[in-house]
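# Observations on the model geometry
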Amino acid sequence: VDGPEGRTGAAADLAARYGLPVLLVLDVAGQAQSAAAVAVGFATHRTGVQVAGVVLNRVGSERHRAQATGAIAAAGLPVLGSLSRDAGVAVPERHLGLVQARELPELAALIARLGEWVARHVDLDAVVALATPPRVEAAAGTDTGALPPPGRAVALAQDAAFSFVYPHMLAGWRAAGAAVLPFSPLADEAPPEEADCCWLPGGYPELHAARLAAAERFRAGLARFAASRPVHGECGGFMVLGARLQDEGGTWHEMAGLLPHATSFAARRMTLGYRAGTTLADSPLGPAGTRLRGHEFHYATLTEPGDAEPLLKLADAAGRPLGAAGSRRGRVSGTFFHAIAGEAA
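Quick look at the structure, then.

Analysis parameters
- Residues numbered from 1 in each chain as written.
- Predicted model: local features only at pLDDT ≥ 70, side-chain atom pairs only at ≥ 80, totals over all residues.
- Heavy atoms only, no water.
- Helix = DSSP H or I, 4+ residues; strand = E, 2+ residues; numbered from the N terminus.
- Buried < 20%, exposed > 50% of the residue type's maximum accessible area, 1.4 Å probe, protein only.
- Contact = heavy atoms within 4.5 Å.
- Areas by Shrake-Rupley, 256 points an atom, 1.4 Å probe, with all protein chains shown as cover.
- Arc of directions from axis to C-beta.
- Axes fitted to C-alpha atoms, helices over the stretch in contact; angles between N-to-C directions.
- Parallel < 35°, antiparallel > 145°, perpendicular 65-115°, else oblique.
- Left-handed = near helix turned anticlockwise from the far one by under 90°.
- Nonpolar A, V, L, I, M, F, W, Y, C, P; charged D, E, K, R; others polar.
- Core = buried A, V, L, I, M, F, W, Y, C linked by side-chain atoms within 4.5 Å.
- Pairing = 2+ DSSP bridges.
- Salt bridge = Lys/Arg side-chain N within 4 Å of Asp/Glu carboxyl O.

### Re the overall build of the protein chain
For the protein chain, the helix and strand inventory stands at nine helices and 20 strands. Reported as C-alpha extents along the three principal axes, the dimensions of the protein chain are approximately 70 × 45 × 35 Å. Split into buried and exposed, the 345 residues of the protein chain put 43% on the buried side. Intrachain contacts of the protein chain at a sequence separation of at least 6 include 70% that bridge at least 24 residues. Of the roughly 17200 Å² that the protein chain leaves accessible, carbon and sulfur atoms contribute 56%.

### Comments concerning helix 8 (residues 216-226)
Regarding helix 8, the residues found buried are Phe218, Gly221, Leu222, Phe225 and Ala226. Down the axis of helix 8, the buried side of the element spans an arc of 135°, and every buried residue falls inside it. In helix 8, the exposed positions angled more than 90 degrees off the buried face are occupied by Glu216, Arg217 and Arg224. Buried residues belonging to helix 8 abut strand 7 (179-183), strand 8 (197-200), strand 9 (231-234), helix 9 (236-241) and strand 19 (332-335).

### A short note on the packing of helix 2 (residues 35-45) against helix 3 (residues 62-74)
The contact between helix 2 and helix 3 brings their axes to 8 Å, and the two run at 40°. Considering their axes alone, helix 2 and helix 3 lie oblique with respect to each other. The interaxial crossing formed by helix 2 with helix 3 has right-handed handedness. Along the contact surface, helix 2 presents Ala35, Ala36 and Ala39, while helix 3 presents Ala68, Ala71 and Ile72. Taken together, the residues of the contact of helix 2 with helix 3 break down into six nonpolar, no polar and no charged.

### Brief notes about the nonpolar core
Generally speaking, a soluble globular protein has its nonpolar side chains buried in company with each other. If you look at the biggest cluster of nonpolar residues, it comprises 33 residues, and the most contacted ones within it are Cys198, Leu200, Leu222, Val231 and Leu241. Those residues in contact with Leu222, other than ones at most four positions away along the chain, are Pro191, Cys198, Leu200, Val231, Leu241, Ala256 and Leu258.

### Thoughts on the pairing of strand 17 (residues 321-325)
Relative to strand 17, strand 16 (residues 312-316) is paired through four bridges, and the arrangement is antiparallel. Of the residues in strand 17, the one forming a bridge with Ala315 is Pro321. Joining the antiparallel neighbours strand 16 and strand 17 is a turn of four residues, in which Gly319 adopts a positive phi near 90°.

### Things to note about the pattern of salt bridges
Summed over the entire model, instances satisfying the criterion amount to 13 salt bridges. Across the pair Asp27 and Arg58 runs a salt bridge, and its minimum N-O distance is 3.1 Å. Taken as a pair, Asp27 in strand 1 (residues 22-27) and Arg58 in strand 2 (residues 51-59) lie far apart in primary sequence, 31 residues in all. Since its relative accessible area comes to 35%, Asp27 is described here as partly exposed. Overall, Arg58 belongs to the partly exposed group, its relative accessible area being 38%. A salt bridge links Arg217 to Asp188; the nearest nitrogen and oxygen atoms lie 3.8 Å apart. Within this pair, whereas Arg217 is found in helix 8, its partner Asp188 is found in the loop between strand 7 and strand 8, the two being separated by 29 residues in sequence. Salt bridges linked by common partners bring Glu5, Asp13 and Arg46 together as one network.

### Comments concerning the sheet that holds strand 16
Taken in spatial order, the five strands of this open sheet run 17-16-13-14-20, and their pairing is antiparallel. In the strand order of this sheet, the two ends are held by strand 17 and strand 20 (338-342), each with one partner. In this sheet, adjacent strand axes meet at a mean angle of 30° when their direction is disregarded.

### Quick word on the pairing of strand 7
Two faces, one strand: in a regular strand the side chains alternate between the faces of the sheet. With five bridges connecting them, strand 6 (residues 153-157) and strand 7 associate as parallel partners. Counterpart to Val154 in the pairing with strand 7 is Val180.

Below, the structure is given as structure tokens:
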């Protein structure tokens, strides 16, 4: 994003901050000697970043490899390997990125095949020799930005429909003494009764809308839970908390109905960006006035906003106001916004 050097969200920011040498994996499809211009551009573009070596990717032939390697080496950058175009090592994609690991069949075999392929074509000893310990500075204060757990025991939806939750969030909750109790809406499981908060994370409910609509124990259990305890949904979870969800084919499916909105994956529009948020009311995200950093990344659209109160106000990474977002009704709240960390007042 646009911002001062060191705060743009780029991988180069991390490399410079922690003094980490960079191994540049360069897609050279459609290039030969001109790949050197790209490599040199990366090496000189940003002060404080050391490009220590290059690996060529999507190489078309031995002649192609030799031309790109010679030009890059002549520019003073060591080429430590080259990977040819090979459909057999591709990882499948879908609308929010790569298909997640838990959904890939024979994952261990794929990882082993990738490892063997890289070991044959990249000088791994040279790569290891480039590595240096990160330069870690002492923290200026005690505020880590970690979000406190929303309860002493958090019921967490976890399956192919609810698969996106930041590991650092769960680690922070556990470090603060909270228990995380997973359950599967796709298996028609209700939130565990011993929990005092329920969290529906992001994922792919649009791919499983019919099963979620038919999960009567889950929907009834979620409604019982929400009658006495907080329930929060992020992105995909927000979609499921609404009244209806339209899948890619245009079919509408009844959802939990705990919030009055409807969302559509048929009317697609990509929303992507870092966000700053301030909560407008108490919720599992924190008390009213909590300042958060996070992001939005979704293709679904809000086709019927409903009449619930907004949950937070958002700004983009440059501080430009985006208005109110999310919704809340009773103990139930939800938003497309994924919280990453708290922000000091």
